[in-house]
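This is what each chain is made of:
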Amino acid sequence: MFRLTLRNLAANKARFAMTTFAVVLGVGFVVASFVLSDGLRSTFNDLSEEITDGTDLVVRPVSTFGEPIPLDEGLVAEVNAIDGVDLAVAFTDAPDNSVQPIKSDGSTISVQGPPQLTFSWTGDEELGSFTVVDGEAPDEQREFTMDFDAAEKHDFVLGETYDLVTPIGIEEDFTLVGTTRFGEDNTTVGATLMHVSLDEAQRLWGTDGTVDAISIRLDNGADTAAVTGVIGELIGGSNVEVVDNATITEEEAAEYNDGITIIGNVLLGFAIVSLFVSIFIIYNTFAIVLGQRIREIGLLRAIGANSTQIRRSIIAEAMLVGVVASAIGIAAGIGLAEGLKALFGLLGADLPASPTILAARTVIIASILGIAVTVISAIAPARTAAAITPIQALRDGGDETGNNTGRRLGVGVTGLLAGLGLGAYGLFGSVGSTLGVISVLGLAAVCIFLGVTLAAPTIADPVTRVISWPIRKMFGRAGVLASENAARNPRRTATTGAALMIGLSLVTTGYVVGESLKASLGDLIEESVSADYVITDQNDFGLTQAIADDLTATGTFEAVSGMRYEEASLQSATTDGQIMDLTAMDVGALESLFNVDITQGSVPADSSSDVVLVHSDIAADLGVGVGDTITAEFATGYSTDLNVVAVYEDQTIFDVPIVPDHVFDEAGVGLLDDWVAAVLADGVTLEDAAPSIARVQAQYPQVSIQTSSEFQQSFEEVIDQMLVVINALLALAVIIALIGIANTLALSVHERTREIGLLRAVGMTRRQTRRMVRWEAAIVAMFGAVLGVAVGLVFGWGVVSALPEDDIGGSVAFPMVSILRVALIATAATLLAAWLPARRAGKLNVLDAISH
Amino acid sequence: MTVLDPPIPTLPIQHEAAAAVGVSKIYGSGQTEVRALDDVDVSFERGQFTAIMGPSGSGKSTLMHCLAGLDEVTRGSILIGNTDLSSLSERNLTLLRRDRVGFIFQAFNLVPTLSALENITLPMDLAGVTPDQAWVDQVISTVGLADRTSHRPNELSGGQQQRVAVSRALASRPEIVFADEPTGNLDSNTGAEILDFMRRAVREMGQTIVMVTHDPNAASYADRVIFLADGKIVSELHEPTPDTVLDRMKSLDDLKGAA
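Model, not experiment: these values are computed from the prediction.

Student: I would appreciate a short explanation of the overall build of chain B in the present structure.
Tutor: Across its full length, chain B holds nine helices and 10 strands. Compactness check: chain B gives a C-alpha radius of gyration of 18 Å against a globular reference of 18 Å for 259 residues, within 12% of the reference. Considering only C-alpha atoms, chain B reaches an extent of 55 × 45 × 35 Å along its principal axes. Counting every position in chain B, which comprises 259 residues, the buried fraction comes to 49%.

Right under this line is the structure:
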């Protein structure tokens, strides 16, 4: 029997080629996800080791909540004095991209790409991991260095002077005194690495007298544990700790790995969607090919093969296809990883160069998935084939039309309902963990997809007839035949269309959710924000408070306030300490800038006392109302009693308690504004304000000053960008489905050879023949698109309904234009994909075809 | 281009509906060369029912395929009316088959997704021309399919399917109809019905029909029988009866046996 299996595969090479291709793409995507994340992980692990190489111990501040308080600079000398310490150096760095060098042409390096990092020069090459390549280290004011790769790439010339964008605004005339190398090979993964002297660093980021960490190299042969103990005694307290090299390396690596794991898992998720789509394609191929082999199988049965042997031989066939496809897929995946990287690059997220790592785990998982998907798809066709009786060898093998359509409909509807139930539980129930919700929703989607696929043959005939009405009108008899052909085998049409349904339903879901978020956001901003301008930074590290002051100084505004967030432990008379964020702002400006819907109390005229405004949910949590007291303790140890003066309802902008600026100042926390809002003075228009805004903007180029509608637009752009990424990743699932349609059509053309021969004999031109095949494909695609859009609208509506209404949920929007555009593109792509089978049908030799 | 014009079957300039002039059809070359047709000259008069007979491998089907524009000749030329098929492109050959030729095959004559009526008007639908409804109705009622026009082929008996095929071949009033063993798959009674109908089409409607068959009884419905052997026309018979056909076949066999 096994020889027969091989022969069958050899005889049907072309037919299985497309199936193989579908598995190859799916497996390739899986492999690419792993290869990409393994490669990145390795790059960043090496980087983490490089960063910490040569450092034995690190002293650094810690805190259980809030931002850790920087170390006192004086500690450096004390650590240096300890026996066994060879050298201790102070280290401080600026948040990513908070310092940006301005090129001689006035532009800055794009912040979309790898980060621009600036550190204090430690003065020791080993502890700092940096070596001066050319020139000298920065030790004077207004001197800086840059790693030689970045300097070359961005045209920064040694000895020239440049202006820097810094947290305190633009600082002019910095001389590039040296170029540096990071570690051995300057493996910066694309980042721009800069240094200034420690004093200059403290001046630029406003941290005079403090440092972020102290790096320590021990004497040769020093007892690490003993020295650690001595340092521990010296620093005392719970706000500082001393850790060894291994800990730091691990932490660095873990930080990168978290991000990489997320990227990897997202890619893997899309890969699995693609593989799921492949199941439909493979199932179809096996079902059709076996349908065409009914006589042959009947003959085998007649000469003595039992049904188990038939089934096994078909499963073996599937297994072989799976093995070959997985092997090719694994090879293709390595290339596809580079493709994905390029895709990320195109979308504006450059990934660093990384080695190609094909781990054993990758090969094993990919092979198992590839083979399992193929074999599972072949089980049902194999069972059908095994049920063929010897007598069927003697009859003509017609279409494998379903005789159990009723039962399939029953199972399908059951699956659909189960899926909807599971989906509702996942969205509205209390599943708990994110992974749990994703699993439940994934299972729900699988149930719904399978349910719709099983039920779809029942509606395939009427629906395709409606869809194909214009085609019948436009293309005459060829159009009618295309439509009849699409309707003649509803199960085949349903399964083929269903493959496309999956991808398109997810695209539709994305559009509905994205568009609904935009609509809700628009509503919320309109209701809750009266500020005319919103000022944010591009990288989330915070804005110097000077920006709010400078805006106020223009005299254009009625009110300007920076918003700072900081963790604190809050305790009321009835509850224990809960750690949560607080917002500090100019409370007097609150009602000019926002509409928070105060339901109890009011904003105090004089906000110089320690007061707090609380959202009703938190008020309930803490069991407080107007007149009660909340005790806040900050990371610095500062503690104060806050008098609750108001309770508000609207949590669009503030879902955390609001305190006046002076509370944070006294607590010594939150030096930077997270964002700033400003409302124009009466009678001042946006046009009037433009010159003042432009002046402030020029001083702080890294800051984005937007009108509230621009701010809303930029949010919408973020959503649009995410949709682009999602659609790009789903494209593979759609492409696999299109291949499936082309494959099914090729098989159908083969099956209908005589019929096509007849049509050609009585006068159907090649062009009409091609048209007939192409439009059949398009009708199948449109059927899939109709199912996909319908399912996607339900999915989208479900997800949006599950979002908390007063936060981001609320309005459901159905962007039908975008959705229909995608459906049309898919249909057009199908016409292209069907080009090959159409051409084959057109080229059939009439005589051979008739006598087929 | 004449093929694009509507069929004009009654122009009396020429009496021949189709002709083969010095036609050879050779498969393969050298050692494996097979002459399916060897310098065949034959013409088919308008309004005549001609049967082509011969043993298997005699080239009778090949001759019909070449005459019908389904196959190319190696040498010589085929004329349908005034049109030399060798001068036609693939597309124009297709249009010629659609507009000027009718076909009846032995089996699998009908498109399963189309109703009987749609099958009958298929060539005209493909051409995008409106069928002559009165004529189509007449053809349908003549073959006795009036109550079956909306049925799909799989709802019709073998005889009914073949009658639909005959109707399709006649519905567009082609210059010539080619039939390839049209009764080969039918029982003798049903076969007789079909043949009788074909003869009436010739007698009453002036249709030209060329039929390939190996059944002397079927051949006896024709006005003229030509006999092929080894790719050559070896004999011809007018006003045949089953007996005369059988006799001629026998004598040809004897001739061959003696040679």
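Student: I'm lost on the overall build of chain A in this one. Help?
Tutor: Regarding its fold elements, chain A presents 27 helices and 23 strands. Buried positions account for 46% of the 852 residues belonging to chain A. Here the analysis covers contacts within chain A between residues at least 6 apart in sequence; of these, 85% occur between residues at least 24 apart.

Student: Explanation requested: helix H7 (residues 188-205) of chain B in the structure shown.
Tutor: Spacing of three or four residues puts side chains on the same side of an α-helix, whose turn is 3.6 residues. Residue and element names in this part refer to chain B. The terminal C-alpha atoms of H7 lie 25 Å apart, and with 18 residues this matches the ideal 26 Å at 1.5 Å per residue to within 8%. Every buried residue belonging to H7 is among Gly191, Ile194, Leu195, Met198, Ala201 and Val202, and all of these are buried. Along the axis of H7, the buried residues cluster in a sector spanning 105°; they form a single face. The exposed set on the far side of H7, more than 90 degrees from its buried face, consists of Asn189, Asp196, Arg203 and Glu204. Lining the buried residues of H7 we find strand S3 (49-53), helix H6 (158-171), strand S7 (176-180), strand S8 (209-212) and helix H8 (216-219). Phi for Gly206, located one or two positions after H7, is positive at around 75°.

Student: Just to check I follow, could you spell out helix H7 (residues 224-235) of chain A for this structure?
Tutor: All names here are of chain A. The end-to-end C-alpha distance of H7, which contains 12 residues, comes to 16 Å, matching closely the 16 Å that a straight helix rising 1.5 Å per residue would cover. When H7 is considered as a whole, its buried residues turn out to be Val227, Ile231 and Ile235. Looking straight down H7, one finds its buried side chains confined to an arc of 70°; they lie on one side. The outward face of H7, more than 90 degrees from its buried face, is lined by the exposed residues Ala225, Ala226, Gly229 and Glu233. Tucked inside the fold, the buried residues of H7 contact strand S1 (57-61), helix H3 (75-80), strand S3 (85-91), strand S12 (213-218) and strand S13 (240-244). Where H7 ends, the next residue or the one after it, Gly236, has phi of about 50°, a positive value.

Student: Could you clarify how one ought to interpret the sheet that holds strand S6 (residues 101-104) of chain B in this entry?
Tutor: Residues and elements named next belong to chain B. Reading across the sheet, the six strands line up as S6-S7-S8-S3-S9-S10 and stay open at both edges, with mixed pairing between neighbours. Where the open sheet ends on each side, the last strands, each with one partner, are S6 and strand S10 (232-238). Ignoring which end each strand starts from, the neighbouring axes of this sheet average 20° apart. Bridge count for S6 against S7 is four bridges, and the pairing is parallel. Across the sheet, residue Phe103 finds its bridge partner in S7, namely Phe178. Against the sheet, helix H1 (residues 60-67) engages S3, S7, S8 and strand S9 (224-229), with an angle of about 150° to S8.

Student: How should the interface of chain A and chain B be read in this particular structure?
Tutor: How big an interface is tends to be expressed through the accessible area that disappears when the partners come together. If you look at the interface, chain A gives 20 residues, while chain B gives 23 residues. Of all the secondary structure elements, the ones that give two or more residues to the side of chain A that touches chain B are helix H15 (476-488), helix H23 (753-761) and helix H27 (846-850) of chain A. For the side of chain A that touches chain B, a count of residues per class yields nine nonpolar, five polar and six charged.

Student: Any chance you could explain the domain arrangement of chain A here in plain terms?
Tutor: All names here are of chain A. Looking at chain A, the domain boundaries give domain 1 (1-52 + 248-400), domain 2 (53-247), domain 3 (458-528 + 709-852) and domain 4 (545-699). Domain 1 and domain 3 are separated by 23 Å when their C-alpha centres are compared. Elements represented by at least two residues in the side of domain 1 that touches domain 3 include exactly helix H2 (13-52) and helix H8 (245-292). In terms of residue count, H8 provides more of the side of domain 1 that touches domain 3 than any other element does, 14 residues in total.

Student: Is there a simple way to explain the confidence of the model for chain A in this structure?
Tutor: Mean pLDDT over chain A stands at 87; residues scoring 70 or higher make up 96%. Residue range residues 397-402 of chain A is modelled with pLDDT below 50. Its contacts to residues more than four positions away, or to other chains, number 12 contacts.

Student: In this structure, what is going on with the sheet that holds S12(A)? I would like to understand it.
Tutor: Strand-to-strand pairing in sheets goes through backbone hydrogen bonds, with the strands running parallel or antiparallel. Residues and elements named next belong to chain A. Read from one edge of the open sheet, four strands run S3-S12-S1-S13, paired in antiparallel fashion. One side of each edge strand has no neighbouring strand; the edge strands of this open sheet are S3 and S13. If you compare each strand with its neighbour and ignore which way they point, the axes differ by 20° on average. The pairing of S3 with S12 spans six bridges and is antiparallel. In the strand pairing of S12, Ala88 is matched with Ile216.

Student: Please explain unusual backbone geometry as it appears in this structure.
Tutor: As a rule of thumb, non-glycine residues mostly have phi less than zero, and peptide bonds are mostly trans rather than cis. Of note, the phi angle at Asp173(A) is positive, near 60°, even though the residue is not glycine. You can call Asp173(A) exposed: it has 9 C-beta atoms within 10 Å. Positive phi outside glycine occurs at Arg173(B), with the angle close to 45°. Its location among the elements puts Arg173(B) in the loop between H6 and S7.

Student: Explanation requested: the environment of Val79(A) in the structure shown.
Tutor: The residue Val79(A) is located in helix H3 in this model. Beyond its immediate stretch of four places on either side in the chain, Val79(A) contacts Val59(A), Val85(A), Ala88(A), Ile214(A), Ile216(A), Ile231(A) and Leu234(A).

Student: Just to check I follow, could you spell out the environment of Ala327(A) for this structure?
Tutor: Residue and element names in this part refer to chain A. Residue placement: Ala327 occurs in helix H10 (residues 307-346). Among the residues examined, Ala327 registers 16 C-beta atoms within 10 Å and is labelled partly exposed. Considering only alpha carbons, one finds Ala327 and Gly370, 43 residues apart in sequence, at a separation of 8.9 Å.

Student: When you look at the packing of H15(A) against helix H24 (residues 766-802) of chain A in this model, what are you seeing that I'm missing?
Tutor: Helix-helix packing is characterised by the crossing angle of the two axes and by the distance between the axes. Residue and element names in this part refer to chain A. For the pair H15 and H24, interaxial distance at closest approach is 8 Å and the crossing angle is 45°. The angle between H15 and H24 places the two elements in the oblique class. Helix-helix and strand crossings are classified by hand; for H15 and H24 the assignment is right-handed. Taken together, the residues of H24 that come into contact with H15 (itself represented by Ala478, Gly479, Leu481, Ala482, Ser483, Asn485 and Ala486) are Gln768, Arg771, Met772, Trp775, Glu776, Ile779 and Val780. Partitioning the contact of H15 with H24 into residue classes produces eight nonpolar, four polar and two charged.

Student: Can you help me understand the packing of helix H13 (residues 434-467) of chain A against H24(A) in this one?
Tutor: Residue and element names in this part refer to chain A. Their axes nearest at 10 Å, the elements H13 and H24 cross at an angle of 125°. Considering their axes alone, H13 and H24 lie oblique with respect to each other. For the pair H13 and H24, the sense of crossing is right-handed. Residues Ile448, Val452, Ala456, Ala460, Val463, Thr464 and Ile467 of H13 form the contact with H24, whose own contacting residues are Ile779, Met782, Phe783, Val786, Leu787 and Val791. Here the residues of the contact of H13 with H24 are counted per class, giving 12 nonpolar, one polar and no charged.

Rules used throughout
Residues numbered from 1 in each chain as written. Chains lettered and ligands numbered in written order. Predicted model: local features only at pLDDT ≥ 70, side-chain atom pairs only at ≥ 80, totals over all residues. Helix = DSSP H or I, 4+ residues; strand = E, 2+ residues; numbered from the N terminus. Rg over C-alpha atoms; globule rule 2.2 N^0.38 Å. Buried ≥ 20, exposed ≤ 12 C-beta atoms within 10 Å, placed from the backbone. Contact = placed C-beta atoms within 7 Å. Expected span 1.5 Å × (residues − 1). Arc of directions from axis to C-beta. Pairing = 2+ DSSP bridges. Axes fitted to C-alpha atoms, helices over the stretch in contact; angles between N-to-C directions. Nonpolar A, V, L, I, M, F, W, Y, C, P; charged D, E, K, R; others polar. Domains from an automatic or database assignment. pLDDT = per-residue confidence, 0-100. Parallel < 35°, antiparallel > 145°, perpendicular 65-115°, else oblique. Left-handed = near helix turned anticlockwise from the far one by under 90°.

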